[in-house]
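Commentary on secondary and tertiary structure
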Amino acid sequence: MLKRAIAALAMAATTSGCMQYLVQPPQPSLAGTSQTVQAKSYAGGKVQQPGFISAARCANGEQLARVLVKRNFAQGFVSWITLGMIAPATIEYSCANASEPPMGGGGD
Amino acid sequence: MAAPQPSFNPKKLWKNFHETYHQVIDGEWDIFMPQQTAGLTVADLKETTAQFQKLIGDAKQQGLKVRAIGSSWSLSKAPTTSGWTFNTNRLRGRLKVKATDVDPAYPGTAGQKSGLYLFQCGNTVADVNKALETDAQKRALFTSGAANGQTIVGATQCGTHGSALEFGALHDHIVALHLITTADKHYWIERKSRPVMAKAWVDSLGAKLMRDDDDLFNAVVVSFGSFGVVSAVVLETAPRYLLETRPTQVKLTEDLWKAIGGLDFSVEPFNGDKPYFFQAVINPSSDDVLIMVNYRRDDPGNFQPNYDLISPPKSIGPGFDALSTLGVILDAFKGVIPPFSKLAAKQLFDTTPKTGTPGMIYGYKPPLLHVASGSIAVALPDARKTIETLIQLYKDIGPVPLVLGCRYVRKSPALLAFNQFPMGMMISIDGVDSTTSRAFFAAAPDRVEAAGIAFTQHWGKINSYTPQRVAKAYGANLQKWLDARHKLIPAAADRALFDNDYIKERGLAG
């Protein structure tokens, strides 16, 4: 019972303050594995580090296939203790394949 | 137009799509496709081949291992490398094989001949479905796994299967493949018994044609990337058709055992109507069985597929990473596992009746991290005994957040195919990654083995293969597979490039 209580408390402690949002199109076409960027938002987003997240691995006209914004317990704790003045987060993005390739060949 | 040159990404930590494990690597190369205005050409394939060969040569010079990796979908460590990964996801060229490029000795029918398509390795199963199912092509895959995010080569290299009762697995669509082994060798491989591409076409690619026997092809087609880079495959396809799904929830009765254990569809709820696809999902914590049956409807006319996965704005469901937390909770509170398993089955299996092309039915799914899945295949006559053995294991271990999905697949000629039995039942053990789940996965093959049942395990899912188990499962095919690897990559140093711990631990390296 004690083990369960500890597990429940640990779960509550480590998940409160955490969050995760995933954005993707209706038919995602990922051009590779996700890239991870650490980011910080200061004073409610008035200042950001980096100023904006550049999806630098998306080359040759590729757009984004998926963006995941998440905050772990440590990041949530920093945000809570600073009353949101410092809000770190982890951003994971995946590039999208640029377009649907045409069907080659065919005919005789 | 020339392709952009490969671009090096110095990332050191690679993780599989479902984030069930990580691997330290020496960096990742992004490979790009030549700009295409009129579709893939042989010149494009040659250019990509040259790029792969240069990277393989560079890796060898630097003492690094390499692996081509697609969607990173595998739950096993089959695709991993400690060296460079080649990101193939952008290599999505495809072409319909011209009649004039088909070998005159191709034994297929006129219909099969007009349904040959070449796909580059980075096409996902979704890409293949969408490319085939257009009004212009009016074709389809015969079978498919439940998901569509894997690349066609990644899925087939690891033996992904569906449950089409009259067909084999996904790799059984492949009739020819292009393999790049070293900095100066690449091969076009087919079965002797089924020549496909004209020699002139293969010569124009600059590849060495290998079709002196069937074994070489049957070795490479399921080889987890161990033979080099499979850069393209040629698939035989079906005329476009629709699937009508009729999911239903029933109790596990003696009558139902006739269907699950013997594919006898004279019983309720089938009443003699044999489906094209059949899956029974057993919840071991109860006598509930979710029956997933799909009926094939030919000649769909001008049906317009819609592949979109839309999350209704106000819907509530599990988050992307819900299962990682649930695993910990369920380990601590085992009493909630049985009701949870019912909920999980609803998340894992779409129970809404619908009609659509195979690409719609086996379409996009809400992404979930930390899923757990392993599969064991047995011959159909051993089906019931195997299921009962696993249900007993479930009772012995205690509630486990897993369900048993029973699928059926015909035998493949591939030497190390998961589908090795004339008619095999694949028990897919699906659920949440937790301590109890891992205990179940570890114990399941031991129990089935102790029961004296011959079995194989899914290469791309959690498995407990040892060199002894691989040898027992595949017999003489194992040596043929090893011989084929030595034939295509004679130098030990070149084979070592594609070795990884996964194949070493299973007696397949070296």
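Residues numbered from 1 in each chain as written. Chains lettered and ligands numbered in written order. Predicted model: local features only at pLDDT ≥ 70, side-chain atom pairs only at ≥ 80, totals over all residues. Heavy atoms only, no water.

A few words on the packing of helix 11 (residues 383-397) of chain B against helix 12 (residues 435-450) of chain B. Residues and elements named next belong to chain B. Running from amino to carboxyl end, helix 11 crosses helix 12 at an angle of 135°, the nearest separation of the two axes being 10 Å. Between helix 11 and helix 12, the angle falls in the class oblique. Between helix 11 and helix 12 lies a crossing whose hand is right-handed. Contacts from Thr386, Thr389, Leu390, Gln392, Leu393, Tyr394, Asp396 and Ile397 of helix 11 reach helix 12 at Ala439, Phe440, Ala443, Ala444, Arg447 and Val448. Residue classes in the contact of helix 11 with helix 12 are distributed as nine nonpolar, three polar and two charged. (Axes fitted to C-alpha atoms, helices over the stretch in contact; angles between N-to-C directions. Helix = DSSP H or I, 4+ residues; strand = E, 2+ residues; numbered from the N terminus. Parallel < 35°, antiparallel > 145°, perpendicular 65-115°, else oblique. Left-handed = near helix turned anticlockwise from the far one by under 90°. Contact = heavy atoms within 4.5 Å. Nonpolar A, V, L, I, M, F, W, Y, C, P; charged D, E, K, R; others polar.)

For the rest of this paragraph, the subject is helix 1 (residues 42-61) of chain B. Residues and elements named next belong to chain B. Compared with the 28 Å implied by 1.5 Å per residue over 20 residues, the 29 Å span of helix 1 between its first and last C-alpha is a close match. Among all positions of helix 1, only Val42, Asp44, Leu45, Thr48, Thr49, Gln51, Phe52, Gln53, Leu55, Ile56, Gly57 and Ala59 are buried. Phi turns positive one or two residues past the end of helix 1, at glycine 63, with a value near 70°. (Expected span 1.5 Å × (residues − 1). Buried < 20%, exposed > 50% of the residue type's maximum accessible area, 1.4 Å probe, protein only.)

Okay, the pairing of strand 20 (residues 371-379) of chain B next. One face of the sheet, then the other: side chains in a regular strand alternate in exactly this way. Residue and element names in this part refer to chain B. When you tally the buried positions in strand 20, you get nine out of nine residues, the bulk of the element. The side-chain alternation of strand 20 yields two buried faces, one formed by Val371, Ser373, Ser375, Ala377 and Ala379 and the other by Ala372, Gly374, Ile376 and Val378. In this sheet, strand 22 (residues 423-432) lies alongside strand 20 in antiparallel orientation, the contact comprising nine bridges. By the bridge assignment for strand 22, valine 378 is matched with methionine 425. Of the strand pairs in this sheet, strand 20 and strand 23 (residues 456-457) are connected by two bridges, and their pairing is antiparallel. If you follow isoleucine 376 over to strand 23, its bridge partner there is glutamine 457. (Pairing = 2+ DSSP bridges.)

For the rest of this paragraph, the subject is the nonpolar core. All names here are of chain B. Counting residues in each nonpolar core, the largest one holds 64 residues, and the members touching the most others are Phe86, Leu177, Ile189, Trp459 and Leu488. Broken down by element, this core gets its largest block of residues, five residues, from helix 14 (residues 476-488). Residues in contact with tryptophan 459, not counting those within four places in the same chain, are Ser76, Ala78, Cys158, Val222, Phe224, Leu416, Tyr465, Val470, Tyr474, Tyr502, Arg506 and Leu508. The next biggest cluster of nonpolar side chains, apart from the first, holds 47 residues, and it includes Leu263, Val378, Val400 and Val432. (Core = buried A, V, L, I, M, F, W, Y, C linked by side-chain atoms within 4.5 Å.)

Applying the stated rule across the entire model yields one disulfide over all chains. The partner cysteine of cysteine 58 of chain A in its disulfide is cysteine 95 of chain A, sulfur to sulfur 2.3 Å. What sets the handedness of the cysteine 58 of chain A and cysteine 95 of chain A disulfide is the S-S torsion sign, and at about -90° it is left-handed. Within this pair, whereas cysteine 58 of chain A is found in the loop between strand 3 (47-49) and strand 4 (64-71), its partner cysteine 95 of chain A is found in strand 5 (residues 86-95), the two being separated by 37 residues in sequence. Its relative accessible area of 16% is what places cysteine 58 of chain A among the buried residues. Left unpaired, cysteine 121 of chain B is separated from the closest cysteine sulfur, that of cysteine 158 of chain B, by 14 Å. (Disulfide = S-S within 2.5 Å.)

Our focus in this paragraph is helix 12 of chain B. All names here are of chain B. Across its 16 residues, helix 12 extends 23 Å between first and last C-alpha, which sits within 8% of the 22 Å expected from 1.5 Å per residue. Along its length, helix 12 shows its largest kink, about 30°, at alanine 443, and proline proline 445 lies within four residues downstream of that point. Within the span of helix 12, buried status applies to Thr436, Ser437, Phe440, Phe441, Ala443, Ala444, Pro445 and Val448. Phi turns positive, to about 75°, at glycine 452, one or two residues after helix 12. (Bend = angle between axes of the 7 residues up to and from the residue.)

Residues and elements named next belong to chain B. Evaluated as defined, the whole model comprises 35 salt bridges over all chains. Its salt-bridge partner being glutamate 190, residue arginine 211 comes within 2.6 Å of it at the nearest N-O pair. Remark: glutamate 190 occurs in strand 11 (residues 185-190) and arginine 211 occurs in the loop between strand 12 (208-210) and helix 6 (215-220); sequence separation between them is 21 residues. The residues arginine 211 and glutamate 190 share a single accessibility class, namely buried. Taking the shortest distance from any N to any O, the salt bridge between lysine 251 and aspartate 288 comes out at 2.5 Å. Placement of lysine 251 in strand 16 (residues 248-251) and of aspartate 288 in strand 18 (residues 288-298) is noted, with a sequence separation of 37 residues between them. (Salt bridge = Lys/Arg side-chain N within 4 Å of Asp/Glu carboxyl O.)

So, about the confidence of the model for chain B. Within chain B, residue pLDDT values average 93, and 96% of them lie at 70 or more. Overall fold confidence (pTM) sits at 0.94, and the ipTM for the predicted complex is 0.88. (pLDDT = per-residue confidence, 0-100.)

Locating asparagine 9 of chain B in the fold gives a position in strand 1 (residues 7-9). Between the C-alpha atom of asparagine 9 of chain B and that of valine 432 of chain B, which follows or precedes it by 423 residues, the distance is 32 Å. Not counting residues up to four positions away in its chain, the partners in contact with asparagine 9 of chain B are Gln35 and Arg57 of chain A together with Gly27 and Glu28 of chain B.

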